[in-house]
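Residue strings, one per chain:
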Amino acid sequence: AGNTLAQSIGLITSANASIQNPEKVGNGLKTVSMRIRGISEETGEAIPQLDELVKRLTGVELRSDNDTLKSTYDIMVEIAKVWKTELSDMDRATLLDKLFGKQQGAVGASLLNNMADGIKATETAMNSFGSSAREQEAYMESLKAKVNEFKETLKKIWIDNLESGDIEQIVSIG
């Protein structure tokens, strides 16, 4: 939660790199988001916050201040920085279980192991949004030009017909 569209693309890309099952990845991302926010995905009830555990194992704060949680993307990027190099196998297993649950642990492992791909996908998506905006603007300009050309053609037809007397005949019939 709290992610931009580009960040969501990055999370999905990194998690799906090994899993190759977008539905499972979606469920895993929903699970981690709910757990970070202190809600059990099974019951919808409040669960103890993970702040202290994540901070102790990784040094990562889940909150930017007392009232604001960081985006899931920002949290995962920060955890991924220490994931392979600073955490023991036991710490990684504990973190996966607490953040993703037993059923979604593989999604979490894929996400954290492949976060470099997710960061690249996020950057690509952000750059693509600017590119698509420029393409849309060019399209609209070309469409506007075509509409103006069409209007001028209609005006010419109208003027040519006025001169030929055809309009008088049409009006007299009507």
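Our structure is the block above this text.
Let me sum up the structure you'll find in this document. (Residues numbered from 1 in each chain as written. Predicted model: local features only at pLDDT ≥ 70, side-chain atom pairs only at ≥ 80, totals over all residues. Heavy atoms only, no water.)

### Regarding the packing of helix 2 (residues 22-36) against helix 5 (residues 89-113)
Interaxial distance between helix 2 and helix 5 falls to 9 Å at its minimum, and their mutual angle equals 130°. Classified by the angle their axes make, helix 2 and helix 5 are oblique. In the crossing of helix 2 with helix 5, the sense of the turn from one axis to the other is left-handed. Contacts between helix 2 and helix 5 involve K24, V25, N27, G28, L29, T31, V32, R35 and I36 from the former and D97, K98, L99, F100, G101, Q103, Q104, V107 and L111 from the latter. Partitioning the contact of helix 2 with helix 5 into residue classes produces 8 nonpolar, 6 polar and 4 charged. (Axes fitted to C-alpha atoms, helices over the stretch in contact; angles between N-to-C directions. Helix = DSSP H or I, 4+ residues; strand = E, 2+ residues; numbered from the N terminus. Parallel < 35°, antiparallel > 145°, perpendicular 65-115°, else oblique. Left-handed = near helix turned anticlockwise from the far one by under 90°. Contact = heavy atoms within 4.5 Å. Nonpolar A, V, L, I, M, F, W, Y, C, P; charged D, E, K, R; others polar.)

### A look at helix 3 (residues 51-58)
Restricting attention to buried positions, one finds in helix 3 the residues D51, L53, V54, L57 and T58. Against the buried residues of helix 3 lie strand 1 (63-65), helix 4 (72-83) and helix 5. Once helix 3 ends, the next one or two residues include G59, with phi positive near 80°. (Buried < 20%, exposed > 50% of the residue type's maximum accessible area, 1.4 Å probe, protein only.)

### With respect to the side chain of T72
For T72, the location among the structural elements is in helix 4. Assessed through its relative accessible area of 2%, T72 is described here as buried. Setting aside chain neighbours within four positions, we find T72 in contact with A1, N3, L11, V32, S33, I36 and R37.

### Some words on the side chain of S14
With respect to the element layout, S14 can be found in helix 1 (residues 5-19). With near-sequence residues (within four places) excluded, S14 lies in contact with S110, L111, N114, M115 and G118.

### Section: the environment of E86
Inspection of the secondary structure assignment puts E86 in the loop between helix 4 and helix 5. The exposed category is assigned to E86, whose relative accessible area is 59%. The spatial distance from the C-alpha of E86 to the C-alpha of L57 is 9.1 Å, given a sequence separation of 29 residues.

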